[in-house]
Amino acid sequence: MKNNHNNGKAKKFGMVIDLDKCTGCGSCMVACMSENNVPFKADETDKRLSITWMLVYKLNNGKSHPDYDECYLPRPCMQCEGDHGHSPCVSVCPAVATDYSHETGIVSQIYTRCFGCRYCMAACPYHARYFNWWDPAWPADMEKYLSPNVSPRMRGIVEKCGFCFHRYQLAMDKAYYEGRDELEEGEYQTSCTQACPAGAIVFGDLNNPKHAVHKIALPDSKHGGRPKNPNAFRLLERLGTNPKVYYLSSRKWVRDSGDNYRPDEK
Amino acid sequence: MKIDRRSFLALSIGSTAGIHLTPLPWKLMDDMSIWTQNWPWTPVPQDGAASYVNSVCGLCTAGCGIRVRKIENRAVKIEGLPGHPVNDGRICSLGLSGLQLLYGGTRVKTPLKRIGERGAGQWQKISWKQVIDEISKKLSEQRKSGNPQTLGAICNSDRGTTSHLLNRFLTVYGSPNFLRTPSVQSSYEIATTIMNGSSGTVGFDLENSDYILSFGSGLLDGWVSPVRMIRAHSIWKDKKARVVQIEPRLSHTAAKADQWIAIKPGTNAALALGIAHVIIKEKLYDKNFVEKYGFGFEEWKDEKGQTHKGFKQSVLENYTPANVAEITGIDVAAIISVAKDFAKSAKPVALCGSGDGGAPVNLNEMMAVHALNALKGAINNKGGLQIVPNPDYILWPESEMDKTASKGIQTERVDGAGGKKYAQARSLLNRLPEVINASSESPLQTLLVYNANPIYTMADSVAVKEAFSKIPLIVSFSPYMDETASYSDYILPNHTYLERYEDSATPYGSVQQLISLARPVVDPLFNTKQTGDVIISLAKAMGGHIAKAFPWKNYRACLEKTLGDKWKTLAEHGYIVAKKDKAPDTASAKFDFAAQAVNTDSKNDAVAPADFKPADLDGDVTAFPLVLIPYDTMRLASGFVGTPPFVIKTVGDYILKENDSCVDINPQTAAKLGLTEGNKVILTTPKNKASVRVHLSEGILPGLIALPRGLGHSAYDKFLAGKGVNFNALYAPMTDPVSGLDMTWGVRAKISKA
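Residues numbered from 1 in each chain as written. Chains lettered and ligands numbered in written order. Predicted model: local features only at pLDDT ≥ 70, side-chain atom pairs only at ≥ 80, totals over all residues. Heavy atoms only, no water.

Undergrad: How would you summarise the layout of surface pockets if you had to cite specific residues and measurements?
TA: A volume near 710 Å³ is recorded for the second largest pocket. If you trace the second largest pocket, you find 37 residues lining it, with Lys47(A), Leu55(A), Val56(A), Tyr57(A) and Asp653(B) closest to the centre. Contributions of two or more residues to the lining of the second largest pocket are made by strand E2 (55-60), strand E3 (70-75), helix H3 (119-123) and strand E4 (130-131) of chain A together with strand E28 (689-696) of chain B. The leading source of residues in the lining of the second largest pocket is E2(A), at five residues. Of the residues contributing to the lining of the second largest pocket, the split by class is 18 nonpolar, nine polar and 10 charged. (1 Å grid on protein atoms, 1.4 Å probe; cavity = no way out; pocket = protein on both sides within 12 Å on 5 of 7 lines; lining within 4 Å. Points joined across faces, edges and corners; volume = space filled by probe spheres on them. Helix = DSSP H or I, 4+ residues; strand = E, 2+ residues; numbered from the N terminus. Nonpolar A, V, L, I, M, F, W, Y, C, P; charged D, E, K, R; others polar.)

Undergrad: With reference to specific residues and values, describe the side chain of Glu499(B).
TA: Residues and elements named next belong to chain B. Relative to the helices and strands, Glu499 resides in the loop between strand E19 (490-491) and strand E20 (502-505). In this structure Glu499 comes out as buried when scored by relative accessible area, which is 2%. Polar side-chain contacts of Glu499 include one of 2.9 Å to the side chain of Arg107. Within the local environment of Glu499, its side chain forms a polar contact with the backbone nitrogen of Thr496, the two atoms lying 2.7 Å apart. The contacts of Glu499, once residues within four sequence positions are left out, are Leu102, Arg107, Pro520, Val522, Asp523, Pro524 and Leu525. (Buried < 20%, exposed > 50% of the residue type's maximum accessible area, 1.4 Å probe, protein only. Polar contact = N/O pair within 3.5 Å; in protein donor to acceptor, adjacent residues only side chain to side chain. Contact = heavy atoms within 4.5 Å.)

Undergrad: Tell me about the side chain of Asn362(B), and please be specific about residues and values.
TA: Residue and element names in this part refer to chain B. Its place among the elements puts Asn362 in the loop between strand E15 (348-355) and helix H15 (363-375). Taking relative accessible area as the criterion, Asn362 reaches 14% and is therefore assigned buried. Here Asn364 takes part through its backbone nitrogen, which lies 3.2 Å from a polar atom of the side chain of Asn362. If we skip the residues at most four places from it in the chain, Asn362 touches Asp736 and Met743.

Undergrad: Can you lay out the interface of chain B and chain A for me, pointing to particular residues and giving the numbers?
TA: Where interface size is given, it is often the accessible area lost as the parts come together that is meant. With 69 residues of chain B at the contact, the number on the chain A side is 72 residues. Of the roughly 5800 Å² buried between chain B and chain A on both sides combined, carbon and sulfur atoms contribute 58%. When the area that chain B buries against chain A is broken down by residue, the three leading residues are Gln37(B), Phe646(B) and Lys649(B), summing to 13%. With its nearest N and O atoms 3.1 Å apart, the salt bridge here joins Glu79(B) to Arg167(A). Seen at the junction of chain B and chain A, the total is 32 residue pairs in polar contact (both at pLDDT 80 or more). (Buried area = accessible area lost by both parts, 1.4 Å probe. Salt bridge = Lys/Arg side-chain N within 4 Å of Asp/Glu carboxyl O.)

Undergrad: Can you break down unusual backbone geometry residue by residue, with the values?
TA: Cis peptide bonds are those with omega within 30 degrees of zero, and the linkage from His65(A) to Pro66(A) qualifies with 5°. With respect to the helices, strands and loops of the structure, Pro66(A) is situated in the loop between E2 and E3. Positive phi is not limited to glycine here, since Tyr716(B) has a value of about 70°. Mapping Tyr716(B) onto the fold places it in the loop between strand E29 (704-708) and strand E30 (747-753).

Undergrad: Any chance you could break down a nonpolar patch on the surface for me, citing the residues and the numbers?
TA: Residues and elements named next belong to chain B. A grouping of Ile19, Leu24, Leu28, Met32 and Trp35 is seen on the molecular surface, where their side chains present a nonpolar patch of about 520 Å² in accessible area. The greatest single-element share of the nonpolar patch, amounting to four residues, is contributed by helix H2 (residues 24-35). With respect to the helices, strands and loops of the structure, Leu28 is situated in helix H2. Classification of Leu28 by relative accessible area gives partly exposed; the value is 41%. (Patch = residues over 30% accessible without salt bridge, like charges linked within 9 Å, V, L, I, M, F, W, Y side chains within 5 Å. Areas by Shrake-Rupley, 256 points an atom, 1.4 Å probe, with all protein chains shown as cover.)

Undergrad: A description of the pattern of salt bridges should follow, citing residues and the corresponding values.
TA: For side chains bearing opposite charge, pairing can occur when the charged atoms are close. If you walk through the whole model with that rule in mind, you get 45 salt bridges over all chains. Sharing partners across several salt bridges, the network here consists of Glu35(A), Arg167(A), Arg67(B), Lys77(B) and Glu79(B).

Undergrad: With reference to specific residues and values, describe the packing of helix H10 (residues 268-281) of chain B against helix H12 (residues 311-318) of chain B.
TA: Residue and element names in this part refer to chain B. Packing of H10 against H12 leaves a shortest axis separation of 9 Å and a crossing angle of 110°. Our classification of the angle between H10 and H12 gives roughly perpendicular. Contact residues: Leu273, Ala276, His277, Ile280 and Lys281 in H10; Phe311, Lys312, Val315 and Leu316 in H12. Class assignment for the residues of the contact of H10 with H12 results in six nonpolar, one polar and two charged. (Axes fitted to C-alpha atoms, helices over the stretch in contact; angles between N-to-C directions. Parallel < 35°, antiparallel > 145°, perpendicular 65-115°, else oblique.)

Undergrad: Please provide a residue-by-residue account of the packing of helix H13 (residues 321-328) of chain B against helix H14 (residues 332-344) of chain B, values included.
TA: Residues and elements named next belong to chain B. At a minimum axis separation of 9 Å, H13 and H14 run at an interaxial angle of 115°. By the angle between their axes, H13 is roughly perpendicular relative to H14. Between H13 and H14 lies a crossing of right-handed hand. Along the contact surface, H13 presents Pro321, Ala322, Val324 and Ala325, while H14 presents Val332, Ile335 and Ile336. Residue composition of the contact of H13 with H14, by class: seven nonpolar, no polar and no charged. (Left-handed = near helix turned anticlockwise from the far one by under 90°.)

Undergrad: Mind laying out the sheet that holds strand E10 (residues 242-246) of chain B, listing which residues take part and the relevant values?
TA: All names here are of chain B. In space, the four strands of this open sheet follow the order E11-E10-E9-E15, with parallel pairing throughout. Only two strands of the sheet have a single neighbouring strand rather than two, namely strand E11 (259-261) and E15. Averaged over all pairs of adjacent strands, the angle between their axes in this sheet comes to 20°, without regard to strand direction. Across four bridges, strand E9 (residues 211-217) lies against E10 in parallel orientation. Along E10, the bridge assignment pairs Tyr211 with Arg242. Of the strands in this sheet, E9, E10, E11 and E15 touch H14, which is tilted by about 130° from E9. (Pairing = 2+ DSSP bridges.)

Undergrad: Talk me through the sheet that holds strand E18 (residues 473-476) of chain B; I want residue IDs and the actual numbers.
TA: Residues and elements named next belong to chain B. Taken in spatial order, the seven strands line up as E5-E4-E19-E18-E17-E6-E7 in an open sheet, and their pairing is mixed. The two strands at the open ends of the sheet, each matched to only one other strand, are strand E5 (123-125) and strand E7 (178-180). With two bridges joining them, strand E4 (residues 112-114) and E19 adopt antiparallel strand pairing. Looking across to E19, one finds that Lys113 is bridged to Tyr490.

Undergrad: Any chance you could break down empty space enclosed by the protein for me, citing the residues and the numbers?
TA: Residue and element names in this part refer to chain B. This model, assessed by the stated rule, comprises 13 cavities of 30 Å³ or more. Its volume calculated, the largest cavity comes out at about 490 Å³. Lining the largest cavity are 31 residues, and of these Gly216, Asn268, Ser354, Gly355 and Trp745 sit closest to its centre. Contributions of two or more residues to the lining of the largest cavity are made by E9, E15 and strand E24 (626-631). Among the residues making up the lining of the largest cavity, the classes are represented as 13 nonpolar, 12 polar and six charged. Taken together, domain 2 (197-390 + 585-604) and domain 3 (626-753) each give at least three residues to the lining of the largest cavity, which thus spans both. Size it by volume and the second largest cavity reaches roughly 380 Å³. Lining of the second largest cavity is provided by 25 residues; of these, Cys60, Asn451, Glu502, Asp503 and Ser504 occupy positions nearest its centre. (Domains from an automatic or database assignment.)

This is the structure we're talking about:
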């Protein structure tokens, strides 16, 4: 179908997660599962085999009582830009099942192209990718709640968070229908952002200086989007993956746990 | 053409290279992955027109607004309702998983009658007509015996029309035994009755507080209104309000707090009084409030003219920071600094009720903490506790009573609530097993269970089951096959909250008076019936004055009539915020530091707000050297709704590993016992034993072990049943001598290698 719309300016959708506000309640994880037809099994306690596109980690400062402290860190797919779109997973996929979109900055995952070699899982430094070791099964009438906007996956393929890309498509369809090429900031939000009881997740276009994500993270476009906000950090910044998920914390030990340091550093 | 070695090699290398230059291998690979994925058993969700239905979540008493996305007639996603006063578009993990309950495998699909042994799971399908016929006949016979008070009902709330219908049925039948599941609200109600002289419930204006002193309240672990509390927490972060969390274990609330004070469990009341001591000594209290509303702060005389020490003097004499430090294990300096910070804040508030607020607090602690609020005038003031009048929109005409009913309703409640001993209590479900087990014939002959799962949620599961086995007829209205439904004689399945109309009144803890209307998101999937309709049918089948008390055609008619002119607005918007037309109850503005209601009689001095009485735990210290405390997490539902598969999936492997619950233990304690991370151990309490694993955590005081609530279900499906241990099975309740509520905060325990 041909239409006369262009897709507007290139976007870089990203997220800022305020770890001071995150309470580790797990709503984002369930919001993601229920939005994206994520399967579940009887035993989900082996976390290596548990498919959680969004996963809340519990970090601690490694100290003893009473100096012991904890922090909760939600981890979606980082949508790495890498070096000009060379995100770690995209570079290794032999099937072009995962690709970097320069239009949205989102790393796609096309399930029907994936043949399950799992190179991308090995390449991903964030453990954000999951493999379907079993065919998913929805007991009783649970198939009824499956959303038609996200295709259910099957045994033998890899899946991951795509910033609820179908929501972008739905929002764009609506915008086109109304004769617009651009979306308002609130029109496209991920499911986790929408659900988060703490309002700790902010989502928007990092390229757009009017968007909250840009204003909070202050990405430095000369340095792959490295945040200029002193309280903001990205996970494994030094790998050069240039993730589009930023974290905020007022606690130094939390910011420091975002990367690995040799003992003689710092 | 001659085929020599050279041309053969050239051809084969050439063709290999050639094929790889064409898209053929890539195309084949692509096709192959597509072919190998076209399995008939992989569902392809049907597309169709999308729509949204606004409603109210029914999975806890917080009453969050929800909007449900539908594709044709299927519900595909639950989201928070933007603009709703409780949750404004936000939603918790349990609320998000509602569709797994709706479409899940634990539904009761049709009325069932037990045919085998109780709890054996042998059922016979029965029609609605026949089941109402059978039960109404049994109830009529029971009533003819002249003891209508032997009918009882358990319900999670006394608000909303369905609960009112159930209560009305009991009343006209002649029974006062409407039993409500206890929670921290039961404790707050008793405290306000005693100290404020008001029957209203407590609302927490926490969004406006600037210093939150929480005595173990799991504000971020599901307390009272989970989503609202987490939203409030973000407001506190933005405006730099200070949160101090007092509890022996680093819960999520403690981890997010500005200060975590690890206190010896069971000594909160002493700390509250120590803080009061500093505030009074330094003259930092709100003199205006105390003088204007307070009674018993200074020396006072009772009716007989006997003089009593005032709150001030008792606290100054007995709760010096040094004494309190000794009791609570907290530094003197910390006690003083917290007291000063609290007193110097503009809008401080002190809260109690541990974990998710599902369990009551001992009255001693409740009164001491409530007194702190009074010292700072944080009662009926912005940022403090607000005494909210009970909802009053259900105005049905007084029902006509016959002789049997009038006589029955006068009998003392089976749980003793409102009686001589527990005059302030409205309901004491926790005492029911003890009362039944102490009598040869059960004082309840028929028990109706609505929105409750007492066999799972009540303390001492063995005693509860024994008590229930003595009740001849148990009727469950549960839409799910939970523990209590499995152990009943009839199941009259209700629609789930996504299939029915139902009003819900001001959620507990809310400062706003709110009425919300749940409406069917989808048509009922099975042969279920709204419990309101079932009660009306039962009443009609019983005939006489009972039928007359229920003049409505059906539940929907009753609801529309009850809500009157509000119905239209509710049907359109889903909720109404009642205007505050009345000034706050002036009677509740008084504050009785002496708690005369329970304390005029000098025998009862032990419960004065200015006293701390350590509770003795069951069991021998040498045999059970550790103390086991329960904890709550947002990722496990511990109430009458079982945790759905999505939520169980989010539970960390340090809480549940395979089918074992993990207990938190301090590495020091573990080292003494020779335990390392993940060891399987036997956990023994004076009441029971269980197999668990240990999880080493610096976030718990030495000498303690902590077990999460919400696991250890025997009912539901393979996604929940048989996972972990139920804390409720491990202890016997400790009855508070004055309120009559369960005041358990821990239980003695030991662990040994499995």
